[in-house]
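Topology and contacts: notes
Residue strings, one per chain:
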Amino acid sequence: MESETLNKTTTITGAEAVIRCLIDEGVSTFFGYPGGAIMPVYDALYDYQDKIEHILVRHEQGAIHAAEGYARVSDKPGVCMATSGPGATNLITGLADAIADSTPLVCITGQVASSLLGTDAFQETDVIGISTPVTKWNCIVTKAEDIPAALAKAFYIAQSGRPGPVLVDITKDAQFGKMKYEYKKCEALKHYNPTPVLPLEQLKQAAKLINEAQAPYILAGQGILLSGAQNELVAFAEKAGIPVASTLLGLSAFPCDHPLYAGFLGMHGNYAPNLLTNKCDVLIAIGMRFDDRVTGKVDQYAKQATVIHIDIDASELNKIVDTKLPIQADAKEALSALTGLVNKNEHSEWFNRFKAFDQQEKEKVTDKVLFPTEGQLKMAEVVHRLSELTKGEAIIVTDVGQHQMVASRYYRFKKSKSNVTSGGLGTMGFALPAAFGAKLAQPAREVIAIIGDGGFQMTLQELGTIFQYKIPVKIVILNNNFLGMVRQWQQLFFEKRYSFTEMCNPDFVAIAKGYKIEGEKVEQREDLSASLKRLLAAQEAYLLEVVVETEENVFPMVPAGASIDEIRLE
Amino acid sequence: MTNTYTIHVLGNNEPNLLPRIALVFNRRRVFIKNLNASELSDKSQYSYTLTVETTPVWAERIAKQLEKQIDVQSVNYFVHMPVTSDRPAKAELAYCA
């Protein structure tokens, strides 16, 4: 089926139009799982396998997390496909994850024939109703001729402004229907202004505040990565001499080895960046949304500071933190303009305050977990060694829990778009499928999934996908035989009542081998480096189970509901 | 302190916009006391008028959330002011945004 043979007079089915739209939108890889109501599209796909790659996952949740991983490390939206009913509802967690983390996704679901809508037909579910709270936009298509316009709109909305997931539900009769195919990419929508006009006057005011500041401080979020403003952030920070701290999703937007890098914010972030948020005089938040894990107790958060908040989404401004200067703007454009407006400066006295707290954290926390000499392996030393061996240049995909916080703290990201994790929703089971999605988007880069034993078992069936498509993703399971973060909270805040957090785990290496994936288990400190080297040297997928300390806690920690001033080192 | 607000949303004539608007309120536990939805003479447009009781902060947040919905064209909201001797009935609604 040659694409060249299709022209405006060619009549094709709606199902074939779906595939044609994906190709015309530049989609090279997508993820999905067939079923009754999407079968016409899969039948059409049969003829296009040389033009577009479809990855058959083992569960629709795997498809959408893989699409998320794909999107997060590329400049393209992730695309996934599922059937009606349970196929579509299995996407919901991923949609919620993607809208929380501003991940551009286009999800296509099959639906029963339009005559059966609302009749409780087999595998009929109100997918539009269910997905509305967790999509940036969604629609149902009941006519074949409406498919190209709906998909063009979907791709545009998913990627423009603050990105997010969209869903297009296509009835089976629309898939079978005939239409004259013509595809026009959507480049604008009436009454939708995703890119705000740069507010130069406000930026001048911001520059004035920054120029007069004695202790300015930048909080960098994922908006930097989404707008491609990494270089602009470095240029701005260097010219104005301002320390930069990163949110969880902002990690890798600013190199960890840069002299102005202050560290990681949040509940388990670094000591200095959290404490000094309440000491700075001008707080410049860019592309971040003051998540509760970053602010702690909001009414004691940065009260002394004049807050400048730059975000593309107007609804984020003044949502959580009272902001003196809310600036709705694209981060890249705003930073570029600001760099031209600020004076060259340095704030060495202010920056030295970070170093003093860094030293305290090093002595009380970091040195102990990175360089232990006895006892069981610690998560931090595994991540640290991995960071050294990969020179901070790998893509790290993490799940949710202690291992996620440890990886975020100790992997020294040097390349941008290298941190893929489930931030806002905190979805266990995210990492394994997201990792192979990321690997398919960036085949030349090393992609390492770091996962806890709990999260791994939520989507481990996706080893089947890795096996089938021979995706050379590396998997490190940090196994403490506990749901570690919940256990930590039980220990600290629930009188050590370990209610249903201890896990009886299977032989993970044997499971991997069942899928013909090589693997090994390491328990001794002296064996760790060699095991990690074998993991990295492997040309194919490889699973390394690391047995780590059973009841290790992640510190520093801002207790839930406490001020960031109350961050604990032990 | 809560006030009564009238929120007017002008949107595209898209069938899923009404539930999207309702969700903005429901998610924040702001109950809709009155709702009117009507197609305008320009059939591509729909008008929604809602009455809710909420705080000024939440009224502003809700308006911003409504504005970011893809098929919403504009959002205006008004606070109901009590009628007093120095504030005639015709000024009952005060313009907010």
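Please read all numbers here as calculations on a predicted model, not as lab measurements. (Residues numbered from 1 in each chain as written. Chains lettered and ligands numbered in written order. Predicted model: local features only at pLDDT ≥ 70, side-chain atom pairs only at ≥ 80, totals over all residues. Heavy atoms only, no water.)

The next thing to look at is the overall build of chain B. Each helix and strand in chain B was counted, giving two helices and five strands. What you see in chain B, going N to C, is helices and strands ordered as β-α-β-β-α-β-β. Split into buried and exposed, the 97 residues of chain B put 38% on the buried side. Long-range contacts, defined here as pairs at least 24 residues apart, represent 62% of the contacts in chain B between residues at least 6 apart. (Helix = DSSP H or I, 4+ residues; strand = E, 2+ residues; numbered from the N terminus. Buried < 20%, exposed > 50% of the residue type's maximum accessible area, 1.4 Å probe, protein only. Contact = heavy atoms within 4.5 Å.)

Residues and elements named next belong to chain A. Strand order in this open sheet of six strands is E11-E10-E9-E12-E13-E14, and the pairing throughout is parallel. Each edge of the sheet is formed by a strand with only one pairing partner; in this case those strands are strand E11 (261-264) and strand E14 (325-328). Each neighbouring strand pair of the sheet contributes to a mean axis angle of 15°, computed without reference to strand direction. Bridge analysis of strand E9 (residues 216-220) against strand E10 (residues 244-246) gives three bridges, and the strand direction is parallel. If you follow Ile218 over to E10, its bridge partner there is Val244. Here helix H11 (residues 230-240) sits on the sheet in contact with E9, E10 and strand E12 (282-286), set at roughly 170° to E9. (Pairing = 2+ DSSP bridges. Axes fitted to C-alpha atoms, helices over the stretch in contact; angles between N-to-C directions.)

Moving on, we come to the pairing of E14(A). Residues and elements named next belong to chain A. Where burial is concerned, the two faces of E14 differ: the one with Leu325 and Ile327 is buried and the one with Pro326 and Gln328 is not. Inspection of the sheet shows strand E13 (residues 306-311) paired to E14 by four bridges, in the parallel sense. Paired with Asp311 across the strands is Gln328, a residue of E14.

A few words now on the interface of chain A and chain B. Tallying the contact residues gives 19 residues for chain A and 13 residues for chain B. Of all residues in chain A, the largest losses of buried area upon contact with chain B belong to A:Thr132, A:His191 and A:Ser315, amounting jointly to 37% of the total for that side. Counting across the interface, chain A meets chain B through two salt bridges. Note that A:Asp313 is salt-bridged to B:Lys68, the shortest N-O span being 2.6 Å. Seen at the junction of chain A and chain B, the total is 11 residue pairs in polar contact (both at pLDDT 80 or more). Elements that contribute at least two residues to the side of chain A that touches chain B include exactly strand E6 (137-141) and helix H7 (147-159) of chain A. Its residues assigned to classes, the side of chain A that touches chain B shows eight nonpolar, six polar and five charged. (Buried area = accessible area lost by both parts, 1.4 Å probe. Salt bridge = Lys/Arg side-chain N within 4 Å of Asp/Glu carboxyl O. Polar contact = N/O pair within 3.5 Å; in protein donor to acceptor, adjacent residues only side chain to side chain. Nonpolar A, V, L, I, M, F, W, Y, C, P; charged D, E, K, R; others polar.)

A few words on the domain arrangement of chain A. All names here are of chain A. Domain boundaries in chain A define domain 1 (3-180), domain 2 (200-354) and domain 3 (376-547). One C-alpha centre belongs to domain 1, the other to domain 2, and the line joining them spans 37 Å. Listed per partner, the contact involves seven residues of domain 1 and seven residues of domain 2. Between domain 1 and domain 2, roughly 590 Å² of surface is buried when both sides are summed, and carbon and sulfur atoms account for 53% of that area. On the domain 1 side of the contact with domain 2, Arg72, Asp101 and Arg162 bury the most area, a combined 66% of that side's loss. Where domain 1 touches domain 2, the interface holds two salt bridges. With its nearest N and O atoms 2.9 Å apart, the salt bridge here joins Arg162 to Asp313. (Domains from an automatic or database assignment.)

The next point concerns helix H5 (residues 92-100) of chain A. Residue and element names in this part refer to chain A. Across the nine residues of H5, seven count as buried, placing the element largely inside the fold. Among the residues of H5, those classed as buried are Ile92, Gly94, Leu95, Ala96, Asp97, Ala98 and Ala100. The inward-facing, buried residues of H5 contact helix H3 (60-72), helix H4 (86-89), strand E5 (105-111), helix H6 (127-131) and strand E7 (165-171).

Another aspect to go through is the nonpolar core. Residue and element names in this part refer to chain A. Formed by 80 residues in total, the largest nonpolar core has its most connected members in Ile210, Phe236 and Val546. Setting aside anything within four residues of it in sequence, one finds Val546 in contact with Leu377, Val382, Val476, Ile477, Leu478, Asn479, Val522 and Leu528. Judged by nonpolar contacts, the second largest core, of 51 residues, contains Ala67, Val73, Cys80 and Ile466. (Core = buried A, V, L, I, M, F, W, Y, C linked by side-chain atoms within 4.5 Å.)

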